[in-house]
Amino acid sequence: TRATLQSLAALQHAIADFDDAARDWAPPLPTDHAWWLGMARYTLGRTALELGDPVAARAAFATGAEDFARAGDAANQADMLARVAAIDTG
């Protein structure tokens, strides 16, 4: 496995920093920022799954779906929602 608890924590910290930076920007959030947050949360979800934490993975995928919706990326939003559904159904 390539994922570690340390890499998961580092990614969570980076996402939080990136998300916090947006608070200083005038609304609406730029679509590219939302898209990159979605991609980061996709990676976070995959890392959490690799480490055996489906609860954290589901939360990352669900929030990532919202990011992709704000970015206007319906295909990635649908992918993230499918990942949430897959976790929900086991």
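To start, this report covers the structure provided alongside it. (Residues numbered from 1 in each chain as written. Predicted model: local features only at pLDDT ≥ 70, side-chain atom pairs only at ≥ 80, totals over all residues. Heavy atoms only, no water.)

## Here's the deal with the packing of aromatic side chains
- Applying the stated criterion across every chain, the model contains 3 aromatic pairs.
- Between W35 and W36 the ring centres are 4.8 Å apart and the planes differ by 85°, which places this aromatic pair in the edge-to-face class.
- Here W35 falls in the partly exposed class, since its relative accessible area comes to 26%.
- Aromatic ring contacts, followed pair by pair, group W35, W36 and F68 into a single cluster.
- The ring of F61 has R83 sitting right over it, with the charged end atom 5.7 Å from the ring centre. (Phe/Tyr/Trp six-rings, centres within 6.5 Å; stacked < 30°, edge-to-face > 60°. Buried < 20%, exposed > 50% of the residue type's maximum accessible area, 1.4 Å probe, protein only. Lys NZ or Arg CZ within 6 Å of the ring centre and 35° of its normal.)

## Here's the deal with the packing of helix α3 (residues 54-71) against helix α4 (residues 74-89)
- Two elements in contact, α3 and α4, have axes whose closest approach is 8 Å; the angle formed by their N-to-C orientations is 155°. Classified by the interaxial angle, the pair formed by α3 and α4 is roughly antiparallel. When you trace α3 past α4, the crossing you get is left-handed. Residues P54, A57, R58, A60, F61, A62, G64, A65, F68 and A69 of α3 lie in contact with α4, whose contacting residues are N76, Q77, M80, L81, R83, V84, I87 and D88.
- In the contact of α3 with α4, the residues fall into 12 nonpolar, 3 polar and 3 charged. (Axes fitted to C-alpha atoms, helices over the stretch in contact; angles between N-to-C directions. Helix = DSSP H or I, 4+ residues; strand = E, 2+ residues; numbered from the N terminus. Parallel < 35°, antiparallel > 145°, perpendicular 65-115°, else oblique. Left-handed = near helix turned anticlockwise from the far one by under 90°. Contact = heavy atoms within 4.5 Å. Nonpolar A, V, L, I, M, F, W, Y, C, P; charged D, E, K, R; others polar.)

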